[in-house]
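# Geometric and topological summary
Next come the chains, spelled out residue by residue.
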Amino acid sequence: MKEGRLALIVGMVLTIALLHYSCQLYIVGHTQFHNVFIKLLYFPIVLSAFWFGWKGGLTAGISCAAIYGVDVVRWWNPENPFHYNKVSELFLMIGVGTLLGILVEADRRSQHAKKLAEEKAEKEYLHAITDALTGVYNRRYMEERLQESWLRGKEEGAKFSLMMVDLNHFKYINDHFGHAAGDLVLKTTAQIVKGNCRDHDLVFRFGGDEFLVLLDEADQQTALPLAKRLREEMGKITFQEGNKASYRSDFSVGVIEFDSRYHDFNEMFVKLDEALYQAKHEEDKVVLAS
């Protein structure tokens, strides 16, 4: 890309110079028509400044001024005031290239600094709303998004469902295999849940060993099969820490579909919690809130 642009600029300068001096020497003699081509030298100067900054603009300006300088020296006449304008044109070429290059570089630095600031702000925001251990969203962000879904459900009739995932016998794993093993189970659970949800579904770490999933535009016919599939995927995994004995983990899932009959979000959450409690005592560990 850089070499191509440089070749284009060099080609433009040489072509304009050739046209200028050919016109001057062989076509129209000493008429002023050839001076039109000198003005065209500003095109490669501007392109050089835009593509390569002030160094490119300065180099192109000096090169073009040197080409035009041959003409100035050759036809120099101290008694002709127009010739002093030609001298000023030499400095103008250099000045335009340099100044424009400086302005271009300043604008690019400003844009780069703005982009870095935006990226930094985005990273800080993601850090603020993400659970450090599992990589899913944290409870702070959960409350914000759940409130949005609740309002859309109430005001626009939008559908959504919630799944509460709670690890079974998590304390036993921590006590017998260590907290590192417990952390691994949490991270694996988060990966399984997130990996089997749709791109626009949101997974949050609700508490120590609980995860909440917000399924946007989903009813119980979507949520229940997903809950069962998550448990199947978790059941395929065997954990092992070093030389310690292997172990497995599973979780219970409570599911609830938004219904406008709920007076507020707390009522809906109470129903979800009841479904989760019931799931822990059911054989398939998945219960839909009634």
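Here goes a summary of the coordinates provided. In this text, all values refer to a predicted model and were calculated from it rather than measured experimentally. (Residues numbered from 1 in each chain as written. Predicted model: local features only at pLDDT ≥ 70, side-chain atom pairs only at ≥ 80, totals over all residues. Heavy atoms only, no water.)

### Here's the deal with the overall build of the chain
From N to C terminus, the chain includes nine helices and five strands. Element order for the chain, N to C, with α for helix and β for strand: α-α-α-α-α-β-α-α-β-β-α-β-α-β. Taken over C-alpha atoms, the radius of gyration comes to 36 Å for the chain, far larger than the 19 Å a tight globule of 290 residues would show. Projected onto its principal axes, the C-alpha coordinates of the chain cover approximately 105 × 55 × 30 Å. A fraction of 66% describes how many contacts in the chain between residues 6 or more apart in sequence connect residues 24 or more apart. About 16700 Å² of surface is accessible on the chain, with carbon and sulfur atoms providing 58% of the total. Mean positive and mean negative side-chain charge positions of the chain (33 and 39 charges, respectively) differ by 7 Å. (Helix = DSSP H or I, 4+ residues; strand = E, 2+ residues; numbered from the N terminus. Rg over C-alpha atoms; globule rule 2.2 N^0.38 Å. Contact = heavy atoms within 4.5 Å. Areas by Shrake-Rupley, 256 points an atom, 1.4 Å probe, with all protein chains shown as cover. Lys, Arg positive; Asp, Glu negative; His and termini not counted. Charge placed at Lys NZ, Arg CZ, Asp CG, Glu CD.)

### As for helix 9 (residues 265-279)
Here helix 9 is 15 residues long and its end C-alpha atoms lie 21 Å apart, about the 21 Å a rise of 1.5 Å per residue gives. Considered for burial, the residues of helix 9 that qualify are Phe-265, Met-268, Phe-269, Leu-272, Ala-275, Leu-276 and Ala-279. Seen along its axis, helix 9 keeps its buried residues to an arc of 120°; they face one direction. Counted as exposed and oriented over 90 degrees from the buried face of helix 9: Asn-266 and Tyr-277. Along its buried surface, helix 9 packs onto helix 5 (139-156), strand 1 (160-167), strand 3 (210-216), strand 4 (251-257) and strand 5 (286-288). The opening residue of helix 9 is Asp-264, an N-cap whose side-chain oxygen sits 3.2 Å from the backbone nitrogen of Asn-266. (Expected span 1.5 Å × (residues − 1). Buried < 20%, exposed > 50% of the residue type's maximum accessible area, 1.4 Å probe, protein only. Arc of directions from axis to C-beta. Polar contact = N/O pair within 3.5 Å; in protein donor to acceptor, adjacent residues only side chain to side chain.)

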